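# Chains, contacts and geometry: an overview
Given next are the chains, with one letter for each unit.
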Amino acid sequence: EDQVTQSPEALRLQEGESSSLNCSYTVSGLRGLFWYRQDPGKGPEFLFTLYSAGEEKEKERLKATLTKKESFLHITAPKPEDSATYLCAVQARDYKLSFGAGTTVTVRA
Amino acid sequence: NAGVMQNPRHLVRRRGQEARLRCSPMKGHSHVYWYRQLPEEGLKFMVYLQKENIIDESGMPKERFSAEFPKEGPSILRIQQVVRGDSAAYFCASSRAGTYTGELFFGEGSRLTVL
């Protein structure tokens, strides 16, 4: 069975304090790895797709990277508006998405 | 707002009652997915539908749960004879492309509470 483990479960940062979130996975035949952002009481919002080891994607203060066993979401100089739960999902040969439980990031001003 | 619309946003049911959750996909999208989210757990795939077709229902419980996406109107997730364990947030997502694309557009969810 495909497994996605995100760490840490929660992360509290000071504004401007850069950090990284981890997503480790075991999947048979990775087709893609996806990062989503979810605000409280809202649905997930798509951020990035990564397809192969070594690939990187950037959007504003966020940068996602992929290796053969894990992905990192780097948050550079975060602002309070970056506070959210960040979800990682993998897509295997059967095409379904398997989501991790998420990392809840809180950025204090 | 041309996003994915779900209603109701909150639904309270007593054990044994029926719950109906509705989802209108984004304009131009013909693929709908339902996911369930329990506290402290990740989103779990339930079902993938296209207009008038269930493509993959491998994540749906075998009993009490059903889904449809008719030619006209929203997609419906129906839960019969609800139990406390059905309490969760149910999210609908849509996509333009098919075959389980990972780039999904989610609604804001329907939160079901079973008393």
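The text that follows walks through the structure, step by step, so that each part is easy to find. (Residues numbered from 1 in each chain as written. Chains lettered and ligands numbered in written order. Predicted model: local features only at pLDDT ≥ 70, side-chain atom pairs only at ≥ 80, totals over all residues. Heavy atoms only, no water.)

Okay, the state of the cysteines next. Chemically, a disulfide is nothing more than a covalent bond linking the sulfur atoms of two cysteines. Here the structure, examined in full by the defined rule, presents two disulfides over all chains. Between the sulfur atoms of Cys 23 of chain A and its disulfide mate Cys 88 of chain A the distance is 2.0 Å. The disulfide joining Cys 23 of chain A to Cys 88 of chain A has a torsion of about -60° about its S-S bond and is therefore left-handed. With a gap of 65 residues between them, Cys 23 of chain A in strand E3 (residues 19-26) and Cys 88 of chain A in strand E9 (residues 84-91) connect regions that are remote in the sequence. Disulfide pairing places Cys 23 of chain B opposite Cys 92 of chain B at an S-S distance of 1.8 Å. Residues Cys 23 of chain B and Cys 92 of chain B are joined by a disulfide whose S-S torsion is about -55°; by sign, that bridge is left-handed. One end of the pair, Cys 23 of chain B, is in strand E3 (residues 19-24); the other, Cys 92 of chain B, is in strand E9 (residues 88-95), and 69 residues separate them in sequence. (Disulfide = S-S within 2.5 Å. Helix = DSSP H or I, 4+ residues; strand = E, 2+ residues; numbered from the N terminus.)

Quick look at the side chain of Gln 38 of chain A now. Structurally, Gln 38 of chain A can be placed in strand E4 (residues 32-38). Looking at Gln 38 of chain A, the relative accessible area reads 9%, which means it is buried. At 2.9 Å, the side chain of Gln 38 of chain A forms a polar contact with the backbone oxygen of Lys 42 of chain A. At 3.2 Å, the side chain of Gln 38 of chain A and the side chain of Gln 37 of chain B are in polar contact. Ignoring any residue separated from it by four or fewer positions in sequence, one finds Gln 38 of chain A in contact with Gly 43, Pro 44, Ala 84, Thr 85 and Leu 87 of chain A together with Gln 37 and Phe 91 of chain B. (Buried < 20%, exposed > 50% of the residue type's maximum accessible area, 1.4 Å probe, protein only. Polar contact = N/O pair within 3.5 Å; in protein donor to acceptor, adjacent residues only side chain to side chain. Contact = heavy atoms within 4.5 Å.)

Time to look at the interface of chain B and chain A. In this complex, chain B contributes 21 residues to the contact, which on the side of chain A involves 19 residues. Together chain B and chain A conceal approximately 1500 Å² of surface at their shared face, both sides included; 54% is due to carbon and sulfur atoms. Between Lys 42 of chain A and Glu 108 of chain B there is a salt bridge; the shortest N-O distance is 3.1 Å. Here chain B is connected to chain A by seven residue pairs in polar contact (both at pLDDT 80 or more). Elements represented by at least two residues in the side of chain B that touches chain A include exactly strand E4 (31-37) and strand E5 (43-50) of chain B. For the side of chain B that touches chain A, the per-class residue count stands at seven nonpolar, seven polar and seven charged. (Buried area = accessible area lost by both parts, 1.4 Å probe. Salt bridge = Lys/Arg side-chain N within 4 Å of Asp/Glu carboxyl O. Nonpolar A, V, L, I, M, F, W, Y, C, P; charged D, E, K, R; others polar.)

The next thing to look at is unusual backbone geometry. Residues Ser 7 of chain A and Pro 8 of chain A are joined by a peptide bond in cis, for which omega reads -10°. Within the element layout of this structure, Pro 8 of chain A appears in the loop between strand E1 (3-7) and strand E2 (10-14). With an omega dihedral of 0°, the bond running from Asn 7 of chain B to Pro 8 of chain B counts as a cis peptide bond. Even without a glycine there, the phi angle at Ala 77 of chain A is positive, about 45°. On the secondary structure map, Ala 77 of chain A appears in the loop between strand E8 (70-75) and E9. Positive phi is not limited to glycine here, since Glu 52 of chain B has a value of about 65°. Of note, Glu 52 of chain B is situated in the loop between E5 and strand E6 (53-56). Its relative accessible area of 57% is what places Glu 52 of chain B among the exposed residues.

Before going further, it helps to spend a moment on the pattern of salt bridges. Evaluated as defined, the whole model comprises ten salt bridges over all chains. A salt bridge links Glu 55 of chain A to Lys 57 of chain A; its shortest N-O distance comes to 3.5 Å. On the accessibility criterion, Lys 57 of chain A (29% relative accessible area) is partly exposed. Salt bridges here are not isolated pairs; linked through shared partners, they connect Lys 42 of chain A together with Arg 9 and Glu 108 of chain B.

All told, the structure shown has eight aromatic pairs over all chains when counted by the stated rule. A ring pair is formed by Tyr 36 of chain A and Phe 106 of chain B, whose centres lie 5.7 Å apart and whose planes are at 90°; its orientation type is edge-to-face. Residue Tyr 36 of chain A is located in strand E4, and its partner Phe 106 of chain B is located in strand E10 (residues 105-106); the two belong to separate chains. Neither Tyr 36 of chain A nor Phe 106 of chain B differs from the other in exposure class; each is buried. With a centroid separation of 5.6 Å and 85° between ring planes, the pair formed by Phe 99 of chain A and Tyr 35 of chain B is classed as edge-to-face. Here Tyr 35 of chain B lies in strand E4 and Phe 99 of chain A lies in strand E10 (residues 97-99), a pairing that spans two chains. Like Tyr 35 of chain B, Phe 99 of chain A is buried. Members of the aromatic cluster, joined through ring pairs, are Tyr 36, Phe 46 and Phe 99 of chain A together with Tyr 35, Phe 45 and Phe 106 of chain B. (Phe/Tyr/Trp six-rings, centres within 6.5 Å; stacked < 30°, edge-to-face > 60°.)

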